[in-house]
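Next come the chains, spelled out residue by residue.
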Amino acid sequence: MPIRQLSETMINQIAAGEVIERPASVVKELVENALDAGASRVEVVTAGGGLNLIRVTDDGSGIPEQELALAIARHCTSKLAGNIHDIRSLGFRGEALPSIGSVSRLSVRSRTAAGDAAAEIAIEGGRVSAVKPAAANRGTTVEVRDLFFATPARLKFMKGERAESSATSDVVKRIAIAFPAVRFTLAGSDRSTLELPATDDSTEGSLRRVAQVMGAEFPDNSIAIDASRDGVHLTGHVSIPSFTRANALQQYAYVNGRPVRDKLIAGAIRGAFADVLPRDRHAVTVLFLTLDPATVDVNVHPAKADVRFRDPGLVRGLIVGAIREALANAGIRAATSGAAGMVAAFRPGAASYAHAGPANGHRSYDAAYRASGFSGFDRSPQRPLDMGFNGAGFRENDQAGFDAGPLASADARAGLAEPAETLLGTALGAARAQVHENYIVAQTRDSLVIVDQHAAHERLVYEALKNALHSRAVPSQMLLLPEIVDLPEEDAERLAMHSETLARFGLGIERFGPGAVAVRETPSMLGETNVQQLVRDLADEIADNDTIETLKERLDKIAATMACHGSVRSGRLLKAEEMNALLRQMEATPGSGTCNHGRPTYIELKLADIERLFGRR
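(A) Structural view of helix 8 (residues 263-272). Within helix 8, seven of the ten residues are buried, which leaves the element mostly enclosed by the surrounding structure. Among the residues making up helix 8, those that are buried are Leu264, Ile265, Gly267, Ala268, Ile269, Gly271 and Ala272. Those residues of helix 8 that are buried lie in contact with strand 13 (251-255), strand 14 (258-260), strand 16 (285-290), strand 18 (308-309) and helix 9 (312-329). The N-terminus of helix 8 is capped by aspartate 262, whose side-chain oxygen sits 3.0 Å from the backbone nitrogen of leucine 264.

Structure below.
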């Protein structure tokens, strides 16, 4: 087949295959255009999951009538002055409108502030109609109907209407977080209406927009981030370790205001929380990176979802360091979701009971309940008082049984004296009792705190081991015979460049001819290890992120195992002094709100919540 020039329609359809993946991609491009036009209000309407109709209306600057034909022409844009390395707008290629018009029925109606009337242009499957007068307010309305009608094969790859609608909602929310001063509305016959009122560009306004998108509980369970390094500024909020999600869908990242899904940023977030979250849980984050546009390339992905940093190691190090520092400085905090779940568990009717007695529905309580000789409601202390009350059952002799022995639910009492006022003012308060030989009950001025003693001490031991591990060179063991590892030349060179840092972690390596390294020492903590696999993993990580976290993570994992076996076990009775000492250590240790496995170490129930349970509020 001879080489020939493709038609303009075919070129646009090929571009549409790259840029317009699904209806949500159309919404993303049109909303970004509206924001680049300075809109303060953006309204999105969809039908049929966006396949039947997408309409985006804004109150931006509008498009002059004489420029409408250029607006739907390929590679025509008002956003790029001539320097591809200085991109300060969301869009810049000039591909969106012609690409959308090549696979759908597209109309653009616009009016500028200085214009006497609006004008409209339409394009259907790549065929452009003439510009004609129209009626409209200031701004632009872009309407897309019958998406992919010109390329019906693409329709076979679309998901259901609900899935497409959900993807569109996610796109609008993701963009809305970066523009809190803009009002967003998403409506249509295929969805419930989403309204995000405008706030402002201040830190408080940005957090209010985040709460609109991610829920009102996120601000109460988040930590502010604000850090800079070598011209890169990082701001935003991250969740405390005990507030997590089952997936990473609520991790939002922005580079110079542009929503991105970048592997480097996602990996940095995962690395920052590696010590405090279980493997199957994910932090909730909203992070904004601001840096010189010349140091980041946004032109590496057709949909501009990925970016490439000039210095990826700097960006990753800033994110990991800033999050870890914020977690350390935040002190000890429990997620409000834990208290909410505890309150829900206590509410009447929260569980179905096997009998009409006052027990909690557990078999162990049921046996004790039956053994107590309970014979019916008439003898229950919960029976309402009648008018003939004569005090029976409440005389001194009748109450003597309560003093016969220790309370069944308390294994240790923290002393009869009232706790010191200074202890009540601390974050975890004063220990009052130990129940079921594993849980410490403490009291603060306005809350009740329940601590899992094993999980809490496990975290304390782990942090102490880590500090000892990283505060000095890691002890190493000399190999009887050096292990020779064959690698690609570039990997061997990278490892050699990091040899001094690796030596501090107990791994002694040196070059051994072309494409090979010799390993002479390994960290003593690792014992017998697969040296070949360890070195290859390190080489891969250095190639990806220019870091050696793999070795550090292996050492930390061993420290975590040692901490688990060396901590206070469940079932051990603690004295009052030991309980209070444990609480004070928790308050002084960063990350002690969760154990090494990511489980919460304590739950705090506010006095106000307790009073609501008893109907006092």
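(B) Fine view of the sheet that holds strand 24 (residues 508-511). Strand order in the open sheet formed by three strands is 23-25-24, with antiparallel pairing between adjacent strands. Every other strand in the sheet has two partners, leaving strand 23 (476-486) and strand 24 as the edge strands with one partner each. Across the sheet, the mean angle separating the axes of adjacent strands is 20° when strand polarity is ignored. In this structure, strand 23 lies alongside strand 25 (residues 516-523), joined through seven bridges in antiparallel fashion. For methionine 478, the partnering residue across the bridge sits in strand 25 and is glutamate 521.

(C) Region of interest: the pairing of strand 22 (residues 447-452). Of the two faces of strand 22, only the one carrying Ser447, Val449 and Val451 is buried; Leu448, Ile450 and Asp452 on the other face are not. Relative to strand 22, strand 21 (residues 439-443) runs antiparallel, the two sharing five bridges. From the neighbouring strand, tyrosine 439 faces strand 22, where its bridge partner is aspartate 452. In this structure, strand 22 lies alongside strand 26 (residues 602-606), joined through five bridges in antiparallel fashion. The partner of valine 449 across the bridge, within strand 26, is glutamate 604.

(D) Fine view of the pairing of strand 7 (residues 139-145). Of all seven residues making up strand 7, six are buried, and the element is well covered by its neighbours. Strand direction decides the pairing type here: strand 3 (residues 105-111) and strand 7, joined by seven bridges, are antiparallel. Its bridge partner being in strand 7, serine 110 is matched across the sheet by threonine 140.

(E) Structural detail: the packing of helix 5 (residues 161-178) against helix 6 (residues 203-214). Their axes nearest at 9 Å, the elements helix 5 and helix 6 cross at an angle of 170°. Judged by the inter-axis angle, helix 5 sits roughly antiparallel to helix 6. Two packed elements cross with a definite hand, and for helix 5 against helix 6 that hand is left-handed. On helix 6, the residues that touch Lys173, Ala176 and Ile177 of helix 5 are Arg209, Val210, Val213 and Met214. Of the residues in the contact of helix 5 with helix 6, the class split is five nonpolar, no polar and two charged.

(F) Structural context of the pattern of salt bridges. What the rule picks out here adds up to 23 salt bridges. As a salt-bridge pair, arginine 105 and glutamate 124 come within 3.2 Å of each other at their nearest N and O atoms. You can see arginine 105 sitting in strand 3 and its partner glutamate 124 sitting in strand 4 (residues 118-124), a full 19 residues away along the chain. On the basis of relative accessible area, glutamate 124 is assigned to the partly exposed category, the value being 33%. A salt bridge links glutamate 120 to arginine 109; the nearest nitrogen and oxygen atoms lie 3.9 Å apart. Taken as a pair, glutamate 120 in strand 4 and arginine 109 in strand 3 lie far apart in primary sequence, eleven residues in all. Among the residues examined, glutamate 120 registers a relative accessible area of 15% and is labelled buried. Residue classification places arginine 109 among the partly exposed residues on the basis of a relative accessible area of 24%.

(G) Local environment of the sheet that holds strand 14. One open sheet holds the five strands; their spatial order is 10-11-16-13-14, and the pairing between them is mixed. Because the sheet does not close on itself, it has two edges, and the strands there are strand 10 (222-229) and strand 14. For this sheet, the mean angle separating the axes of adjacent strands, direction not counted, is 20°. The pairing of strand 11 (residues 232-239) with strand 16 spans six bridges and is antiparallel. Paired with histidine 237 across the strands is valine 286, a residue of strand 16. Of the strands in this sheet, strand 11, strand 13 and strand 16 touch helix 6, which is tilted by about 135° from strand 16.

(H) Spatial organisation of the packing of helix 14 (residues 453-470) against helix 19 (residues 576-588). Taken N-terminus to C-terminus, the directions of helix 14 and helix 19 make an angle of 50°; their axes are 10 Å apart at the nearest point. Comparing the axis directions of helix 14 and helix 19 gives the class oblique. Here helix 14 runs over helix 19; the crossing is left-handed. Residues Gln453, Ala456, His457 and Leu460 of helix 14 form the contact with helix 19, whose participating residues are Leu582, Gln585 and Met586. When grouped by side-chain class, the residues that make up the contact of helix 14 with helix 19 number four nonpolar, three polar and no charged.

(I) Structural view of the environment of glutamate 65. Position of glutamate 65 among the secondary structure elements: in the loop between strand 2 (53-58) and helix 3 (68-71). Counting along the chain gives 53 residues from glutamate 65 to alanine 118, while the straight-line C-alpha distance between them is 7.5 Å. Once you skip the residues sitting within four places of it in the chain, glutamate 65 turns out to touch Ala119 and Val131.

(J) Focus on the environment of leucine 555. Turning to its location among the elements, leucine 555 is positioned in helix 18 (residues 549-566). Remark: the alpha-carbon pair of leucine 555 and histidine 470, spanning 85 residues in sequence, is separated by 9.8 Å.

(K) Summary view of the packing of aromatic side chains. The tally for this structure, following the rule as stated, stands at one aromatic pair. Ring plane angle 15° and centroid distance 4.9 Å describe the contact between tyrosine 254 and phenylalanine 288, whose orientation is recorded as stacked. Here phenylalanine 288 lies in strand 16 and tyrosine 254 lies in strand 13, a separation of 34 residues in the sequence. Of the two residues, tyrosine 254 and phenylalanine 288, both sit in the buried class. Seen from the ring of phenylalanine 149, arginine 105 lies directly overhead, with NZ or CZ sitting 3.9 Å from the centre.

(L) View of unusual backbone geometry. Within the chain, aspartate 230 stands out as a residue other than glycine whose phi angle is a positive 50°. By the element assignment, aspartate 230 lies in the loop between strand 10 and strand 11. Classification of aspartate 230 as exposed rests on a relative accessible area of 68%. The backbone of histidine 436 sits at a positive phi, close to 50°, despite the residue not being glycine. In this structure, histidine 436 sits in the loop between strand 20 (430-435) and strand 21.

So, how was this worked out
Residues numbered from 1 in each chain as written. Predicted model: local features only at pLDDT ≥ 70, side-chain atom pairs only at ≥ 80, totals over all residues. Heavy atoms only, no water. Buried < 20%, exposed > 50% of the residue type's maximum accessible area, 1.4 Å probe, protein only. Helix = DSSP H or I, 4+ residues; strand = E, 2+ residues; numbered from the N terminus. Contact = heavy atoms within 4.5 Å. Polar contact = N/O pair within 3.5 Å; in protein donor to acceptor, adjacent residues only side chain to side chain. Pairing = 2+ DSSP bridges. Axes fitted to C-alpha atoms, helices over the stretch in contact; angles between N-to-C directions. Parallel < 35°, antiparallel > 145°, perpendicular 65-115°, else oblique. Left-handed = near helix turned anticlockwise from the far one by under 90°. Nonpolar A, V, L, I, M, F, W, Y, C, P; charged D, E, K, R; others polar. Salt bridge = Lys/Arg side-chain N within 4 Å of Asp/Glu carboxyl O. Phe/Tyr/Trp six-rings, centres within 6.5 Å; stacked < 30°, edge-to-face > 60°. Lys NZ or Arg CZ within 6 Å of the ring centre and 35° of its normal.

So far we have only geometry, and geometry alone does not tell us how the molecule works.
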